[in-house]
Each structure stands twice: as C-alpha cells, then as structure tokens.
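So you can see what is in the structure, the chains are spelled out below.
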Amino acid sequence: MPENSEQSGSRVSLEYLEGLHRRIEEHAAGSNWPDVEALMAERNKLLGEFPAAERPAALQAAKKSTDRILALAKSARLELGGELAKLQEGRKATDIYRAHR
C-alpha cells in the first residue's frame, strides 16, 4: 500500500520524487497495479507542488519513470496474452477430446 508522508517540507524534493518513482516501478514490476495507480496519483499531486525553478526537472524525471512503467505494463500485457492463448489452446483440445469420446 502507498505510504502517506506528512513531511511537507521534504516531500517537495527531487530526492523524494525519485524514491517515489522507485516505489512505483517496484510495484509495476510486481504487477501490483492498484498500488501503482495510488502512488501515481500521489506523484501527480506532488508534481504540482514543486517550485517553478525545479518543476522542469521534476517533470522530466516523471516522464522517464512513466516511460519505464509503460514498458513494464506492456510486458505484463504480453505475458498475460501468452497465458490466455495457452488457456484457449487447452480449452480447444478439451473440446475436441470430448467431441470424439
């Protein structure tokens, strides 16, 4: 589950943002998509709190992290697609077997 950090001064820092990105990516790598969604919402809110001078770096870091998360999501989708194809092949084989008993 996402952790709530009430340290408002230290929350709006590039270091905190990078730590948050690591946590999000770890959850994505583990296919824990509900936590990814919650942490992304926290991250997006945090991005709006960055001072104007730091906002471009924060947004660039967020884009890079989002790109990595998208790659993990695509990989998970392909893996699930492969598993679904295997299940469908098994179902067809079972149907053929039953039809010829």
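Keep in mind the model is a prediction, meaning the values are calculated, not measured.

Draft legend 1. Focus on helix α3 (residues 33-47). For α3, built from 15 residues, the straight-helix expectation of 21 Å at 1.5 Å per residue is met to within 8% by its first-to-last C-alpha distance of 21 Å. Restricting attention to buried positions, one finds in α3 the residues Asp35, Val36, Leu39, Met40, Glu42, Arg43, Leu46 and Leu47. Projected down its long axis, α3 carries its buried residues within an arc of 165°, all on one side. When the buried face of α3 is taken as reference, the exposed residues oriented beyond 90 degrees from it are Pro34, Glu37 and Lys45.

Draft legend 2. View of the side chain of arginine 43. Examined against the element boundaries, arginine 43 turns out to sit in helix α3. Here the side chain of arginine 43 touches alanine 62 through a polar contact of 3.3 Å, landing on its backbone oxygen. Filtering out sequence-adjacent residues up to four positions away, arginine 43 remains in contact with Leu17, Leu20, His21, Ile24, Ala62 and Thr66.

Draft legend 3. Geometry of the packing of α3 against helix α4 (residues 55-99). Relative to each other, α3 and α4 sit at 165°, their axes nearing to 11 Å. When the axis of α3 is compared with that of α4, the two are roughly antiparallel. The crossing of α3 and α4 is left-handed. Where α3 approaches α4, its residues Trp33, Val36, Met40, Arg43 and Leu47 are matched on the opposing element by Arg55, Ala58, Leu59, Ala62, Thr66, Ile69, Leu72, Ala73 and Ala76. Grouping the amino acids of the contact of α3 with α4 by side-chain chemistry returns 11 nonpolar, 1 polar and 2 charged.

Draft legend 4. Highlighting the pattern of salt bridges. Within the structure shown, the criterion is met by 2 salt bridges. The partner of arginine 68 in a salt bridge is glutamate 25, with the nearest N and O atoms 2.9 Å apart. With arginine 68 in helix α4 and glutamate 25 in helix α2 (residues 14-29), this pair connects stretches of sequence that are 43 residues apart. With relative accessibility at 38%, the residue arginine 68 sits in the partly exposed group. Given a relative accessible area of 16%, glutamate 25 falls into the buried group. Of the charged contacts, one joins lysine 63 and aspartate 67 as a salt bridge, the two residues approaching to 2.9 Å between their closest N and O atoms. One end of the pair, lysine 63, and the other, aspartate 67, are both in helix α4, 4 residues apart, so they sit about a helical turn from each other. With relative accessibility at 46%, the residue lysine 63 sits in the partly exposed group. Taking relative accessible area as the criterion, aspartate 67 reaches 37% and is therefore assigned partly exposed.

Draft legend 5. Structural detail: the environment of alanine 93. The residue alanine 93 is located in helix α4 in this model. A residue is classified by how much of its surface remains accessible, and alanine 93, at 46% relative accessible area, is partly exposed. When the C-alpha positions of alanine 93 and leucine 80 are compared, they lie 20 Å apart, and in sequence the two are 13 residues distant.

Criteria and thresholds
The numbers attached to residues start from 1 for each chain and follow its sequence in the written order. The model is predicted, so local features are restricted to residues of pLDDT at least 70 and side-chain atom pairs to those at 80 or more, both for listing and for counting; the totals for chains, interfaces and linings are taken over all residues. Each side-chain value is worked out from all heavy atoms of the structure, with water and hydrogens disregarded. Secondary structure is summarised from DSSP: a helix means a run of H or I of at least four residues, a strand means a run of E of at least two, and numbering begins at the N terminus for each. Expected span, for any helix, means 1.5 Å times one less than how many residues it has. The buried label applies to any residue whose accessible area, calculated with a 1.4 Å probe on protein chains only, is under 20% of its type's maximum; exposed applies above 50%, and partly exposed to all values in between. The directions from the helix axis to the C-beta atoms are what the arc is built from. Counted as a polar contact is a pair of N or O atoms within 3.5 Å, where, for protein atoms, one must be capable of donating a hydrogen and the other of accepting one, and residues adjacent in sequence contribute only when both atoms are in side chains. The criterion used for residue contact is that any of the two residues' heavy atoms lie within 4.5 Å. The axes are straight lines fitted to the C-alpha atoms, using for helices just the contacting stretch, and the angles between their N-to-C directions are given from 0 to 180°. Throughout this description, any angle smaller than 35 degrees is read as roughly parallel, any larger than 145 degrees as roughly antiparallel, any in the 65 to 115 degree range as roughly perpendicular, and the remainder as oblique. Note on convention: near helix rotated counterclockwise from far helix by under a right angle means a left-handed crossing. Clockwise means right-handed. Ten residues, namely Ala, Val, Leu, Ile, Met, Phe, Trp, Tyr, Cys and Pro, are considered nonpolar, four, namely Asp, Glu, Lys and Arg, are considered charged, and the remaining ones, Gly among them, are considered polar. Salt bridge, as used here: a side-chain nitrogen of Lys or Arg that lies within 4 Å of a carboxyl oxygen of Asp or Glu.

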